[in-house]
Amino acid sequence: MIDAMPRSHENDMLESARRRMLDHDLRGRDITDRDVLRVMAETPREVFVPSDYFSQAYADKPLPIGSDQTISQPYIVALMTQTLRLGNACDVLEIGTGSGYQTAVLARLARHVWTIETLAELSDSAQHVLEHLGVDNVTFRVGDGGCGWPEERQFDRIIVTAAAPDVPEPLQAQLAEGGLLVAPIGGGHTQSLIAAEKCQGKLIERHLCGCRFVKLRGAHGFETS
Ligand code: SAH
């Protein structure tokens, strides 16, 4: 019987870390959306981090994922997801696939996610993990996400998970009327996490919190050193 099987110390440790993340770092702050909390309880964050960081997978801090990039801290993933007010009719564009953790959370709440990553090794690895988890409503692309998705279409929601000086113009154009966008906007070191709604063709922005993301590269990002 599966229930009677002894549980490994590792599983117990991960489960208590996951519980602490939910109770202390998410519910203990301002994450109230039950669907976001449920999906983050169900998505195994440990499979998205390198094995060296396994024991820290649920700590409320960003962790290295290789290629000088990071997986965002759980609170920021939850806040960005909650801000998008997703439903199962939403088509989402994500810029910065990274580990694929945020992608998996979005995919479980939306109709379909299109995700763009400049680094092929990260995109490939994220695709592999999501396939393993049985997430099948994601389309991956390697390229400059600041330029949007090359085919002309509009998205109900757009999420940018790398810091940009401004909301890239192609993303503004690809957001549907009434659609929501969330992105870290500002300098290369610190940014303001902004939520924006497209009203009569213009973005109405509000500040959510200060944040620190890795830099967006490419035509609408910061120059790489
Ligand atoms: N949401 C991811 C965050 C990854 S960090 C996670 O939680 O794992 C941001 C990612 O954006 C990095 O993987 C980086 O390579 C990618 N990135 C930077 N500039 C980009 C661009 N112009 N287009 C697409 N991805 C970009």
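Residues numbered from 1 in each chain as written. Predicted model: local features only at pLDDT ≥ 70, side-chain atom pairs only at ≥ 80, totals over all residues. Heavy atoms only, no water.

Caption draft 1: Quick peek at the environment of D166. Of note, D166 is situated in the loop between β6 (155-160) and α6 (169-174). The exposed category is assigned to D166, whose relative accessible area is 55%. (Helix = DSSP H or I, 4+ residues; strand = E, 2+ residues; numbered from the N terminus. Buried < 20%, exposed > 50% of the residue type's maximum accessible area, 1.4 Å probe, protein only.)

Caption draft 2: Up close: the packing of aromatic side chains. Counted according to the given criterion, the structure contains two aromatic pairs. With a centroid separation of 5.5 Å and an interplanar angle of 75°, the aromatic rings of F48 and Y101 are classed as edge-to-face. You can see F48 sitting in the loop between α2 (34-42) and β1 (63-66) and its partner Y101 sitting in helix α4 (residues 101-107), a full 53 residues away along the chain. Residues F48 and Y101 agree in their burial class; the two are buried. Ring centres 5.5 Å apart and planes at 65° place the aromatic pair W114 and F155 in the edge-to-face group. Note that W114 is positioned in strand β4 (residues 112-117) and F155 in strand β6, a separation of 41 residues in sequence. Across this residue pair, the class does not change: W114 and F155 are buried. The aromatic ring of Y75 is capped on one face by R29, whose charged end is 3.7 Å from the ring centroid. (Phe/Tyr/Trp six-rings, centres within 6.5 Å; stacked < 30°, edge-to-face > 60°. Lys NZ or Arg CZ within 6 Å of the ring centre and 35° of its normal.)

Caption draft 3: View of the site of the ligand. In the vicinity of the ligand, 24 residues are found, and the nearest of them are S99, E117, D144, G145 and R217. A distance of 2.7 Å separates an oxygen atom of the ligand from a polar atom in the side chain of S99. At 2.6 Å, a side-chain N or O of E117 approaches an oxygen atom of the ligand. Protein burial of the ligand: of its 580 Å² of free accessible surface, 99% is covered by the chains. When residues of the shell around the ligand are traced back to their parent elements, those giving at least two are β2 (69-71) and β4. Here the shell around the ligand takes three residues from β2, the largest share from any one element. (Near = heavy atom within 4 Å. Polar contact = N/O pair within 3.5 Å; in protein donor to acceptor, adjacent residues only side chain to side chain. Areas by Shrake-Rupley, 256 points an atom, 1.4 Å probe, with all protein chains shown as cover.)

Caption draft 4: Examining the state of the cysteines more closely. All chains considered together, the criterion is met by zero disulfides. Left unpaired, C199 is separated from the closest cysteine sulfur, that of C90, by 16 Å. (Disulfide = S-S within 2.5 Å.)

Caption draft 5: The arrangement of helix α5 (residues 120-132) in detail. For α5, built from 13 residues, the straight-helix expectation of 18 Å at 1.5 Å per residue is met to within 8% by its first-to-last C-alpha distance of 18 Å. Along α5, the residues classified as buried are L122, S123, A126, V129 and L130. The buried side chains of α5 occupy one side of the element, clustering within an arc of 130° when seen end-on. Across α5 from its buried face, at more than 90 degrees, point the exposed residues H128, E131 and H132. Buried-residue contacts for α5 involve β1, β2, α4, β4 and β5 (138-142). Note on α5: the residue one or two positions beyond its end, G134, has a positive phi of about 80°. (Expected span 1.5 Å × (residues − 1). Arc of directions from axis to C-beta. Contact = heavy atoms within 4.5 Å.)

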